[in-house]
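Chains, contacts and geometry: an overview
Given next are the chains, with one letter for each unit.
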Amino acid sequence: MTKSALQIARAAYQPKVPAALKGAVKAVDGEMTQSVADQEEIKKLFPNTYGMPVITFEPADAPQELPAVNVGVILSGGQAPGGHNVIAGIFDGIKAANKDSRLYGFILGPGGLVDHNYMELTADIIDEYRNTGGFDMIGSGRTKLEAKEQYDKGLEILKQLNIKALVIIGGDDSNTNACVLAEYYKAIGAGVQVIGCPKTIDGDLKNEVIETSFGFDTACKVYSEVIGNIERDCNSARKYWHFIKLMGRSASHIALECALQTQPNVCIISEEVEAKNQSLDDVVNYIASVVATRAENGNNFGTVLIPEGLIEFIPAMKNLIAELNDFLAHNEAEFKQIDKTEQRAYIISKLSKENSELYASLPEGVARQLSLDRDPHGNVQVSLIETEKLLAEMVGNRLAEWKAEGKYKGKFASQVHFFGYEGRCAAPSNYDADYCYSLGYTASCLINAGKTGYMSSVRNTTAPADQWIAGGIPVTMMMNMERRHGEMKPVIQKALVKLDGAPFKTFAANRENWAVNTEYVYPGPIQYFGPTEVCDQTTKTLQLEQAK
Ligand code: FBP
């Protein structure tokens, strides 16, 4: 296979690890824990894995001879830079404890466990993928592990391969399911430990004890590089407004981090839109007013960042989508009979007054997406809605109205972009390469310590790596009860952008200046070799959150 020069050089990179992981470790128990909310219910649902202590790994006085262990690993959900290094860390960790230990990868996500689709990960394979992006070593998938039959089917292959521990690398839902699996295997005495690792570029799996999910750092740096390039382009040609949608299914962490890195003229934060009960019209008016103000200064150009999940956070749109879901579910047959050209008018005639007016105000393409593209559960697939086009078009229309009223005299031409997949498989930054390898190595220490129902945790990561703290957090500690598909379920709390948190406050304190003046920052590409202040910067979000 032909490799790029960077790939060849990068293969030799030795990830930096916490000092404690450089030799033999001992597990030190901290405080006993309880769930963040709904303690009684969670305790009842997890009688075997609730209340366990936080664990920290410290250097051991003497190396310990450990028995060989067979371990399985699964990559779950969307790709995130650094996944291969988590696997390399697990591999090196179990081999350091006993060279006869073996690692098996389940193919294409959790489905591989259920379908008994696996491969042994040998040293040659691991070396091929060190410090590379992507999940292609074993592939990933979105099958949810949530049914007893799946757990039992999985156990068959785990027994057959004599696997004593399973590491599930995933987001909040996958780690929730990992914990349910840990509880189940413990309850039936299956003899299989389950350990989770925090992954998602979205950055929404974090809390008091998990500083960040891996991949967020690299993905934001890739997007910020390109946003910076676009800002420079628009500051050179001075004729376009660029509307850039950024991935992040729900939370706006990616948009916020990219805004902190690149200082665009506008960045919409979904959580703020919801908290202020803003309408789509309010968002359009805000962007249009920034365009108009800049035009008064002769600046008919700018950059707008839009989080992928925005639509679902606009209360009025949420109501419209809910009524549409309901209406179309109950009238599917009738709706399908209607000629495509009549469908819009048909929906307008059927919805409640408020929702029908909102629906009628939407551009044709978006209205169609809302009524046609539905997932297997009958829900509108909001991520398919081209919010960047929607906003560019609506802002253009609003400015035309203002022009007719004599309130705006500028020129408005827009370009639209969507950045998501471009960043998910990038070669991990030094931070993600180090963090992921450390998470994997820590997972191996949790396995060696006989733990189950824990998430691998590496903290203090704004300090140099040798001061990082490796340990394990009981997954039940991060749980609360939430309504999912009409039922109350124990789940890890999703971390949305906190409006009283330092990253948002820093953004809010600067955005008026960034809107009017051209204060763009051009972060440039991720640097893998060079001075530490260039190569080892963490995200601004993490720096601001961790600043004491
Ligand atoms: P995870 O939460 O599984 O890490 O995936 C996040 C994400 O990248 C979102 O940002 C995006 O909305 C979604 O995956 C896209 O999913 P898919 O890869 O299935 O198109």
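Heads up: the structure comes first, above all this text.
Keep in mind that this is a model prediction, so the values were computed, not measured. (Residues numbered from 1 in each chain as written. Predicted model: local features only at pLDDT ≥ 70, side-chain atom pairs only at ≥ 80, totals over all residues. Heavy atoms only, no water.)

**Focus on the site of the ligand**
Our working rule: Whether a residue is near a molecule or strand is decided by its heavy atoms; if any one of them lies within 4 Å of it, the residue is near. Under this definition, polar contacts are N or O atom pairs within 3.5 Å; protein pairs additionally need one hydrogen-donor-capable and one acceptor-capable atom, and for neighbouring residues in sequence, both atoms have to be side-chain atoms. Residue burial considers only the protein chains on display, and all accessible areas are found by Shrake-Rupley using a 1.4 Å probe.
Taken together, 13 residues form the shell around the ligand, and within it Gly 78, Asp 202, Glu 308, Tyr 421 and Arg 424 come nearest. At 2.5 Å, a side-chain N or O of Tyr 421 approaches an oxygen atom of the ligand. Between the ligand and Arg 424 there is a distance of 2.9 Å, counted from an oxygen atom to a side-chain nitrogen or oxygen. Across the complex, the protein chains shield 80% of the 490 Å² of accessible surface that the ligand would expose by itself.

**Concerning the packing of helix 13 (residues 315-330) against helix 16 (residues 353-361)**
Heads up, the condition is: Note on definitions: angles span 0 to 180 degrees between N-to-C directions of axes, and those axes are lines fitted to C-alpha atoms, for helices only across the stretch in contact. To qualify as a helix, a DSSP run of H or I must reach at least 4 residues; to qualify as a strand, a run of E must reach at least 2; elements of each kind are numbered from the N terminus. Under this scheme an angle from 65 to 115 degrees is roughly perpendicular, one under 35 degrees roughly parallel, and one over 145 degrees roughly antiparallel; angles in between are oblique. Should any heavy atoms of two residues lie within 4.5 Å, those residues are considered in contact. Polar here means any residue outside two lists: the nonpolar Ala, Val, Leu, Ile, Met, Phe, Trp, Tyr, Cys and Pro, and the charged Asp, Glu, Lys and Arg; Gly therefore counts as polar.
Contact geometry for helix 13 and helix 16: axes closest at 10 Å, N-to-C directions at 105°. What the angle tells us is that helix 13 and helix 16 run roughly perpendicular. Residues Ala 316, Met 317, Asn 319, Leu 320, Glu 323 and Leu 324 of helix 13 pack against Asn 355, Leu 358 and Tyr 359 of helix 16. Taken together, the residues of the contact of helix 13 with helix 16 break down into six nonpolar, two polar and one charged.

**With respect to the pairing of strand 7 (residues 193-198)**
This is how it is decided: Note on exposure labels: buried denotes an accessible area under 20% of the residue type's maximum, exposed denotes more than 50%, and partly exposed covers the range between, all computed with a 1.4 Å probe on protein chains only. Handedness of a crossover is defined as follows: orient the strands so they point away from the viewer, and if the path from the first strand over the helix to the second runs clockwise, the crossover is right-handed.
Of all six residues in strand 7, six are buried, a share of seventy percent or more. In this fold, the crossover linking strand 6 (residues 163-170) to strand 7 by way of helix 7 (residues 172-187) has right-handed handedness.

**A short note on the sheet that holds strand 8 (residues 241-246)**
Our working definition: Two strands pair if DSSP finds at least two bridges between them.
The four strands lie next to each other as 9-10-8-11, forming an open sheet whose pairing is parallel. Across the chains shown, the open sheet's two edge strands, defined by having one partner strand only, are strand 9 (266-267) and strand 11 (414-419). The sheet contact formed by strand 8 and strand 11 spans six bridges and is parallel. Bridging across to strand 11, Lys 245 finds its partner in Phe 418. Here helix 9 (residues 253-262) sits on the sheet and contacts strand 8, strand 9 and strand 10 (302-307); the angle it forms with strand 10, its principal contact strand, is near 155°. Together, strand 8, strand 9 and strand 10 form the strand contacts of helix 11 (residues 280-296), whose direction differs from that of strand 8 by roughly 150°.

**Some thoughts on the packing of aromatic side chains**
Note the following rule: Between 30 and 60 degrees the pair is tilted, below 30 it is stacked and above 60 it is edge-to-face, where a pair is any two Phe, Tyr or Trp rings, Trp via its six-membered ring, whose centres lie within 6.5 Å.
Summed over all chains, the structure comprises 13 aromatic pairs. Here the aromatic rings of Tyr 431 and Trp 468 are separated by 5.9 Å at their centres, their planes lie at 55°, and the arrangement is tilted. In this pair, Tyr 431 sits in helix 20 (residues 430-448) while Trp 468 sits in the loop between strand 12 (454-459) and strand 13 (469-474), placing the two residues 37 residues apart along the sequence. A relative accessible area of 5% means that Tyr 431 is categorised as buried.

**Looking at the nonpolar core**
We apply this condition: Side-chain atoms within 4.5 Å link the members of a nonpolar core, which is a set of buried Ala, Val, Leu, Ile, Met, Phe, Trp, Tyr and Cys residues.
Formed by 70 residues in total, the largest nonpolar core has its most connected members in Ile 87, Leu 103, Val 167, Tyr 223 and Leu 246. Top contributing element to this core by residue count: helix 20, with 10 residues. Residues Val 283, Ala 295, Leu 362 and Leu 370 belong to the second largest nonpolar core, which totals 46 residues.

**So, the side chain of Ser 457**
Examined against the element boundaries, Ser 457 turns out to sit in strand 12. A polar atom in the side chain of Ser 457 sits 3.4 Å from the side chain of Arg 459.

**Concerning the state of the cysteines**
Convention followed: Criterion for a disulfide: a pair of cysteine sulfur atoms within 2.5 Å.
As enumerated under the stated definition, the model contains zero disulfides in all. Cys 234 forms no disulfide, and the closest cysteine sulfur to it belongs to Cys 267, at a distance of 15 Å. The thiol sulfur of Cys 425 is not disulfide-bonded, and the nearest other cysteine sulfur, from Cys 436, lies at 12 Å.

**Some details on the sheet that holds strand 2 (residues 53-59)**
With mixed pairing, the nine strands of this open sheet are ordered in space as 1-2-13-12-7-6-3-4-5. Strand pairing shows two members of the sheet lacking a second neighbour, strand 1 (25-32) and strand 5 (118-120), which therefore form its edges. Taken pair by pair, the neighbouring strands of this sheet meet at an average axis angle of 25°, ignoring direction. Relative to strand 6, strand 3 (residues 70-75) is paired through six bridges, and the arrangement is parallel. What sits directly across from Val 73, in strand 6, is Val 167. Strands strand 3, strand 4 (102-106), strand 6 and strand 7 of the sheet are contacted by helix 3 (residues 83-97), whose axis makes an angle of about 175° with strand 3. Taken strand by strand, helix 20 contacts strand 1, strand 2, strand 3, strand 6, strand 7, strand 12 and strand 13, and its axis lies near 135° from that of strand 12.

**Re the pattern of salt bridges**
Selection rule: By salt bridge we mean one thing: a side-chain nitrogen of Lys or Arg within 4 Å of a carboxyl oxygen of Asp or Glu.
For the structure on display, the rule yields 25 salt bridges. A salt bridge links Glu 120 to Arg 102, with the shortest nitrogen-to-oxygen separation between them at 3.3 Å. Placement of Glu 120 in strand 5 and of Arg 102 in strand 4 is noted, with a sequence separation of 18 residues between them. For Glu 120, a relative accessible area of 28% translates into the label partly exposed.

Structural measurements only, silent on function.
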